Amino acid sequence: MNVALRDALSHAGVTRDELARIVGVDPKTVDRWLGSDMRAPHAGTRARVASALGVSAEMLWPRAVRAAIKTGADREIVSAYPYRNACPPTVWSSLLDGAQRDVFFAGYTSYFLWQEQPRAAERLRAKAAAGCRIRFLLGDPESEVTRRREQVEDAVLSVSTRIRITLEQLRKLGPLPGLEARFSDGHISLSVFAFDGEALVTPHIADQLGHESPMLHLRRLQADGLYDRFMQHAETLWAGGRPVPDVGGGS
């Protein structure tokens, strides 16, 4: 029997039928909850029951609540997507618009930004004007790594063309303090897009394009966790990158 739930009902002066009506379930469902502390409702229902009885959900169903709380390294994973384009555009928008200190696009082309985010250039310009650091780590369109990737992808819109489109968009922003771009070939198979303490990370699969590869949404919650490990990769490549001429005004 769920003694905690029974006692909470008694102390609150709420009957089993009244609780069922408040929470929006059948009275027999409440009976099942009372019959075993292993029978726990979904998180939303647990919260409504706890609110109705004036107690915490953890007190009523401690095992279920503890099981729902991530405690390992995976607690930094906000969401996982089998394809990058399965991530709603609003996630990108909210991360970009919410960043105040640092925006870091360490994608080999970052071409999708200009296609999928309305007024991307205008929004980046506003970010820089507000003091946000904006960095782009791009592949070199003239490098051998880029040439080999083009052969692998065999796409109509080549890797070098996608990089040049991003470079053109960045140069259109003008001499913008806080905006900086560098070339690197080390992230051809892994893209990291960081916004203050959150990041979207895409490991590229075989010959598939970026939007066809899986993606993780990470939020920094601990030192040397998943977020820090991926950011260390991106920052190391940035430190060894080659400055892109005629982009921004430095940081």
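Residues numbered from 1 in each chain as written. Predicted model: local features only at pLDDT ≥ 70, side-chain atom pairs only at ≥ 80, totals over all residues. Heavy atoms only, no water.

Participant: Residue-level account of the sheet that holds strand β2 (residues 102-106), with values.
Facilitator: Backbone hydrogen bonds hold the strands of a sheet together, and the pairing may be parallel or antiparallel. If you walk across this open sheet you meet the eight strands as β1-β7-β6-β5-β2-β3-β4-β8, and the pairing is mixed. At either margin of the open sheet sits one strand with a lone partner, and together these are β1 (77-81) and β8 (242-243). Each of β3 (133-138) and β4 (179-183) is contacted by helix α11 (residues 159-172), which is oriented at about 155° to β3, the strand it contacts most. (Pairing = 2+ DSSP bridges. Helix = DSSP H or I, 4+ residues; strand = E, 2+ residues; numbered from the N terminus. Contact = heavy atoms within 4.5 Å. Axes fitted to C-alpha atoms, helices over the stretch in contact; angles between N-to-C directions.)

Participant: Run through the pairing of strand β7 (residues 215-219), naming residues and quoting values.
Facilitator: Direction of pairing for β1 relative to β7: antiparallel, over a ladder of four bridges. Of the residues in β7, the one forming a bridge with Ser79 is His217. For strand β6 (residues 198-203) and β7, the ladder comprises four bridges, and the chain directions are antiparallel. If you follow Glu198 over to β7, its bridge partner there is Arg219.

Participant: Before we move on, could you go through the packing of helix α10 (residues 144-153) against α11 and cite the residues and values that matter?
Facilitator: Axis separation between α10 and α11 bottoms out at 8 Å; the angle between their running directions is 120°. Considered as vectors, α10 and α11 are oriented oblique to each other. Along its contact with α10, which presents Thr146, Arg149, Glu150 and Glu153, the element α11 presents Val159, Ser160, Thr161, Arg162 and Ile163. Along the lines of polarity and charge, the residues of the contact of α10 with α11 split into two nonpolar, three polar and four charged. (Parallel < 35°, antiparallel > 145°, perpendicular 65-115°, else oblique. Nonpolar A, V, L, I, M, F, W, Y, C, P; charged D, E, K, R; others polar.)

Participant: Lay out the state of the cysteines in plain terms, naming residues and giving numbers.
Facilitator: For the structure on display, the rule yields zero disulfides. In this model Cys87 remains outside any disulfide bridge; the closest cysteine sulfur is found in Cys132, 19 Å from its own. Residue class for Cys87 comes out buried when judged on its relative accessible area of 3%. (Disulfide = S-S within 2.5 Å. Buried < 20%, exposed > 50% of the residue type's maximum accessible area, 1.4 Å probe, protein only.)

Participant: Which residues make up the pairing of β6, and what values do they have?
Facilitator: For β6, the buried fraction is high: five of the six residues fall into the buried class. Bridge analysis of strand β5 (residues 190-195) against β6 gives six bridges, and the strand direction is antiparallel. What sits directly across from Phe195, in β6, is Glu198.

Participant: Got a sec to walk through the nonpolar core? Specific residues and values, please.
Facilitator: If you look at soluble globular proteins, the nonpolar side chains tend to sit buried side by side. Trp92, Phe136, Leu170 and Phe195 are the most contacted members of the largest nonpolar core, which has 35 residues in total. With sequence-adjacent residues up to four places away left out, Leu170 is seen in contact with Trp114, Phe136, Leu138, Leu179, Ala181 and Val247. Judged by nonpolar contacts, the second largest core, of 16 residues, contains Val23, Ala50, Ala57 and Leu60. (Core = buried A, V, L, I, M, F, W, Y, C linked by side-chain atoms within 4.5 Å.)

Purely geometric stuff here, so don't read any function into it on its own.
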